[in-house]
Amino acid sequence: LPALLRSLGADPAAIAAEAGFDLAMLDDAENTVSYAARGRLLSQCVALTGCRHLGLLLGMRGRLSWLGLVGFLVQHAPDVDTALNDLARYTYLNVSGGVTGFAVRGNVAMLSFDVVLPRVDATDQVGDTAMATFFNLMRTICGPEWAPLEVRFSHGKPQNIEPYRSFFHAPLR
């Protein structure tokens, strides 16, 4: 996040201070950040940068290493089904306030993320970060040619849809 904020011309320390957030919490993938704090931080980031797709940009940088031990399990799973079941089963170790789901129906698999805490700021940004990170995760475990059938969001259509189209290269809902 700090590198992304700097690339947008913003001061990460000033934004974090405004949101009452300690940026050092982001230094260790095993740290758990509350959704209230994460939401306040992302809300402040969007407000002060004017970047309405900041969550997408953040998720585009997402890597398995962000998930700590869970990312290690996913990366070393014997197959994709085990990897995604492990992701859904153990995400709670890194995330308190969101739930990762994985379901297979016929020949279609769906990976989802839902914020389950009420009254959390910037859930659209949190969700966009998760979807873009999942996209990167899938390309890591399935190969760079992997593509989703579609990408679904739990928020309305963004004012500027182009960054989403150019990243996901899939129908957006």
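All values reported here derive from a predicted model rather than from experimental measurement. (Residues numbered from 1 in each chain as written. Predicted model: local features only at pLDDT ≥ 70, side-chain atom pairs only at ≥ 80, totals over all residues. Heavy atoms only, no water.)

## Points about unusual backbone geometry
The backbone of arginine 119 sits at a positive phi, close to 55°, despite the residue not being glycine. Note on placement: arginine 119 falls in the loop between β2 (108-115) and α7 (123-142). Among the residues examined, arginine 119 registers a relative accessible area of 80% and is labelled exposed. Positioned with a positive phi, histidine 169 is a non-glycine residue whose angle comes to about 50°. (Helix = DSSP H or I, 4+ residues; strand = E, 2+ residues; numbered from the N terminus. Buried < 20%, exposed > 50% of the residue type's maximum accessible area, 1.4 Å probe, protein only.)

## Examining the packing of helix α2 (residues 12-19) against helix α3 (residues 35-49)
The geometry of α2 relative to α3 is characterised by a closest axis approach of 9 Å and an angle of 125° between their N-to-C directions. In this view, α2 runs oblique relative to α3, as classed from their interaxial angle. In the crossing of α2 with α3, the sense of the turn from one axis to the other is right-handed. Along the contact surface, α2 presents Ile15, Ala16, Glu18 and Ala19, while α3 presents Arg40, Leu41, Gln44, Cys45, Leu48 and Thr49. For the contact of α2 with α3, a count of residues per class yields 6 nonpolar, 2 polar and 2 charged. (Axes fitted to C-alpha atoms, helices over the stretch in contact; angles between N-to-C directions. Parallel < 35°, antiparallel > 145°, perpendicular 65-115°, else oblique. Left-handed = near helix turned anticlockwise from the far one by under 90°. Contact = heavy atoms within 4.5 Å. Nonpolar A, V, L, I, M, F, W, Y, C, P; charged D, E, K, R; others polar.)

## Notes on the packing of aromatic side chains
With the rule as written, the count across this model stands at 7 aromatic pairs. Consider the rings of phenylalanine 167 and phenylalanine 168, whose centres lie 5.0 Å apart with planes at 75°: the pair is edge-to-face. Comparing phenylalanine 167 with phenylalanine 168, the two get one shared label, buried. Counting every residue linked through ring pairs, the aromatic cluster contains Phe135, Trp146, Phe153, Tyr164, Phe167 and Phe168. (Phe/Tyr/Trp six-rings, centres within 6.5 Å; stacked < 30°, edge-to-face > 60°.)

## Looking at the pairing of strand β1 (residues 98-105)
Two elements, β1 and β2, share 8 bridges in a ladder whose sense is antiparallel. By the bridge assignment, valine 99 is partnered in β2 with aspartate 114. Adjacent in sequence and paired antiparallel, β1 and β2 are bridged by 2 residues, among which glycine 106 carries a positive phi angle near 65°. (Pairing = 2+ DSSP bridges.)

## Section: the packing of helix α6 (residues 80-90) against α7
The contact between α6 and α7 brings their axes to 11 Å, and the two run at 150°. Taken together, the axes of α6 and α7 are roughly antiparallel relative to one another. As α6 packs across α7, the resulting crossing turns out to be right-handed. Along its contact with α6, which presents Val80, Ala83, Leu84 and Leu87, the element α7 presents Phe134, Leu137, Met138, Ile141 and Cys142. Here the residues of the contact of α6 with α7 are counted per class, giving 9 nonpolar, no polar and no charged.

## Some points on the side chain of threonine 91
Secondary-structure assignment places threonine 91 in the loop between α6 and β1. There is a polar contact of 2.3 Å between the side chain of threonine 91 and the backbone oxygen of leucine 87. Beyond its immediate chain neighbours, meaning those up to four positions away, threonine 91 contacts Asp86 and Thr100. (Polar contact = N/O pair within 3.5 Å; in protein donor to acceptor, adjacent residues only side chain to side chain.)

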